[in-house]
Amino acid sequence: MNDDVRNIVLGVIAAGVSAALGWIARTYLWRRKLRRQQRFFGLPDHAESLLVVNRNAGGPELSVMRHDVFALLELSALIKDCNAHARVVAHDAAQQGIGERTEFCLGGPVSNRRMAAHLSSLLPGVHVDVEAETGPQAGAFRIGGEDYRVDGGRSEYALLARLTTGGRGDSRPVFLFCGQRAITNQAATRYLARNHERLARKHGDGSFVLLLKVVNSEAYGPDVVELVADVTRAARTPLPETAAA
């Protein structure tokens, strides 16, 4: 074997080794990213999750508003990325305990009975005005003594929460998307889809409650979302009875 042939053979071997090492490195990084995402969402391979939605008040059939459908599509893509499965259930048919399966609960407490239960049990520091049908207080949030009112189409709010209970290592999280309008529910799911890696780095496997502001939804839809504050502590601290009334 002359020097030219030897150099060609060595070059081919080196290229093959480099390609193999590159493939191994990319696979390792991809798997690490996948496992981190699966831990954050509580969705190991082939796990089942619940998408809990409201039921149309006009009848017994499961009927979801257009923006909530878009929100479900956002969540379905995240679940698929985790190699997991989703089952859509109505809010009044989701009869399971917290932590059994990962749950994505969508909608305000007026139309979603399970959301109302979660807010009462897990976030006693959050009060949503469900009494006022019109006016600035309709659907307003009260968190930590501050009121966040709806300015329809211009300034609206949504809560995005990841909550866990107990100390069980296999306990699955509950994700809440509680908006003042259907478009703000979609804005919250889109915010999670775009920022879940950053949220996982910051919060790990712990609980958090974020207050989001949807800006000028009439013009920009659910795309312009601002993080107002991390309200985890305030949301989990019961409101005084006079404040919650």
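This is a predicted model, so every value here is computed, not measured. (Residues numbered from 1 in each chain as written. Predicted model: local features only at pLDDT ≥ 70, side-chain atom pairs only at ≥ 80, totals over all residues. Heavy atoms only, no water.)

K.L.:
I'm lost on the overall build of the protein in this one. Help?
P.N.:
Helix and strand counts for the protein stand at seven helices and 10 strands. Within the protein, the fraction of its 245 residues that count as buried is 42%. Considering only contacts in the protein between residues 6 or more positions apart, those separated by 24 or more positions represent 67%. By element, 53% of the accessible surface of the protein is carried by carbon and sulfur atoms, the whole surface being about 13000 Å². (Helix = DSSP H or I, 4+ residues; strand = E, 2+ residues; numbered from the N terminus. Buried < 20%, exposed > 50% of the residue type's maximum accessible area, 1.4 Å probe, protein only. Contact = heavy atoms within 4.5 Å. Areas by Shrake-Rupley, 256 points an atom, 1.4 Å probe, with all protein chains shown as cover.)

K.L.:
What is the right way to look at the sheet that holds strand 2 (residues 85-90) in this model?
P.N.:
Picture the strands of a sheet paired through backbone hydrogen bonds; they go either parallel or antiparallel. In spatial order, the strands read 2-1-3-8-7-9-10; together these seven strands make up an open sheet with mixed pairing. Because the sheet does not close on itself, it has two edges, and the strands there are strand 2 and strand 10 (225-230). For this sheet, the mean angle separating the axes of adjacent strands, direction not counted, is 20°. Of the strand pairs in this sheet, strand 3 (residues 103-106) and strand 8 (residues 174-179) are connected by four bridges, and their pairing is parallel. Pairing of Glu-103 across the sheet is with Val-174, part of strand 8. In the packing of helix 2 (residues 66-81) onto the sheet, the strands contacted are strand 1 (48-53), strand 2, strand 3 and strand 8, and the crossing angle to strand 1 comes to about 170°. (Pairing = 2+ DSSP bridges. Axes fitted to C-alpha atoms, helices over the stretch in contact; angles between N-to-C directions.)

K.L.:
Would you mind showing me how to read the state of the cysteines here?
P.N.:
Defined simply, a disulfide is a covalent bond joining two cysteines at their sulfur atoms. The tally for this structure, following the rule as stated, stands at zero disulfides. Unpaired in terms of disulfides, Cys-105 finds its nearest cysteine sulfur in Cys-178, a separation of 8.6 Å. What makes Cys-105 buried here is its relative accessible area of 0%. (Disulfide = S-S within 2.5 Å.)

K.L.:
Help me understand helix 2 in this model?
P.N.:
Between its first and last C-alpha atoms helix 2 spans 23 Å; for 16 residues at 1.5 Å apiece the expected length is 22 Å, and the two agree. Restricting attention to buried positions, one finds in helix 2 the residues Asp-68, Ala-71, Leu-72, Glu-74, Leu-75, Leu-78 and Ile-79. Down the axis of helix 2, the sector holding all buried residues measures 160°, keeping them to one side. Along helix 2, exposed side chains directed more than 90 degrees from the buried face belong to Arg-66, Leu-73 and Lys-80. After helix 2 finishes, the residue Asn-83 shows a positive phi value of roughly 60°. (Expected span 1.5 Å × (residues − 1). Arc of directions from axis to C-beta.)

K.L.:
Can you walk me through the sheet that holds strand 5 (residues 141-143) in this structure?
P.N.:
If you trace the three strands from one edge of the open sheet to the other, you get 4-5-6, paired in antiparallel fashion. Among the strands making up the open sheet, the edge pair consists of strand 4 (126-128) and strand 6 (146-148). The average angle at which neighbouring strand axes cross in this sheet is 20°, direction not considered.

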